[in-house]
Amino acid sequence: EYNLSSSPLYLRYLPPAPPALSRDDGPPRGGTRLTLTGSGFGPVRSNPRILGAPEARAASLGASSCLETLWTSDSSLLCVTPPGADAHQLTVAVTIESQAVISTNASFFSYLTPLVLPPGPSGANLATTGGAAVDMRGEHLGAYDTSPAG
């Protein structure tokens, strides 16, 4: 006969497995829905006394935390990417209850490089003396401020 009350029992979970990414790039403005697939992400809010507070789970791209992290299963979570600069090959980290794992060298996330398009017909005939306003357009230019310049 064995008395369990006389000996402490310890339970340790395996750390999460390195995540694979549903896509490896997104615009610098952020907001891309990125699915991370791996294992050991834990049950979805099933018992807070066992898993700890929701803050005990996190995902990040490089040094920036995801804007929103949604656990969908033990093997999948959704990260809404934060705004970022033109950074390439950012590691993706998942932390569950202080156990962190970083993406392997095959799983990196990069922000798309900005692309400035040539000026339209109104910009083609500008005076060489300057002073004219030019409306520049492009893709992947990042977040922008719509407030008037002061």
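Source: prediction; values computed, not measured. (Residues numbered from 1 in each chain as written. Predicted model: local features only at pLDDT ≥ 70, side-chain atom pairs only at ≥ 80, totals over all residues. Heavy atoms only, no water.)

Caption draft 1: Spatial organisation of the side chain of serine 60. Looking at where serine 60 falls in the secondary structure, it is placed in strand E4 (residues 57-61). With relative accessibility at 17%, the residue serine 60 sits in the buried group. With residues up to four places along the chain from it excluded, the contact list for serine 60 reads Ser65, Cys66, Thr91, Val92 and Ala93. (Helix = DSSP H or I, 4+ residues; strand = E, 2+ residues; numbered from the N terminus. Buried < 20%, exposed > 50% of the residue type's maximum accessible area, 1.4 Å probe, protein only. Contact = heavy atoms within 4.5 Å.)

Caption draft 2: Region of interest: the sheet that holds E4. Ordered in space as E5-E4-E8-E9, the 4 strands form an open sheet in which the pairing is antiparallel. Lying at the two open borders of the sheet, with one neighbouring strand each, are strand E5 (64-65) and strand E9 (99-102). (Pairing = 2+ DSSP bridges.)

Caption draft 3: Region of interest: the nonpolar core. Core analysis: the largest hydrophobic core is formed by 17 residues, its most contacted members being Leu34, Leu36, Leu61, Leu77, Val94 and Phe109. Mapped by element, the contributors of at least two residues to this core are strand E3 (33-37), E4, strand E7 (76-80) and strand E8 (92-96). The element that contributes the greatest number of residues to this core is E8, accounting for 3 residues. Among residues more than four places away in sequence, those in contact with leucine 36 are Pro19, Ala20, Leu21, Phe41, Ala59, Ser75, Ser76, Leu77, Cys79, Val92 and Val94. (Core = buried A, V, L, I, M, F, W, Y, C linked by side-chain atoms within 4.5 Å.)

Caption draft 4: Quick look at the environment of valine 101. Within the secondary structure, valine 101 sits in strand E9. Given the relative accessible area of 11%, valine 101 is considered buried. In this structure, the C-alpha to C-alpha distance between valine 101 and alanine 59, residues 42 residues apart in sequence, is 9.7 Å. If sequence neighbours within four positions are ignored, valine 101 has contacts with Pro16, Ala17, Pro18, Pro19, Val92, Ala93 and Val94.

Caption draft 5: Spotlight on the pairing of E4. Across the 5 residues that make up E4, a large majority, 4, are buried. Direction of pairing for E4 relative to E8: antiparallel, over a ladder of 5 bridges. Residue pairing in the sheet places leucine 61 in a bridge with valine 92 of E8. The pairing of E4 with E5 spans 2 bridges and is classified as antiparallel. When the sheet's bridge partners are listed, leucine 61 is paired in E5 with serine 64. Here E4 folds back onto E5, and the loop between the two strands holds 2 residues, one of which, glycine 62, carries a positive phi near 60 degrees.

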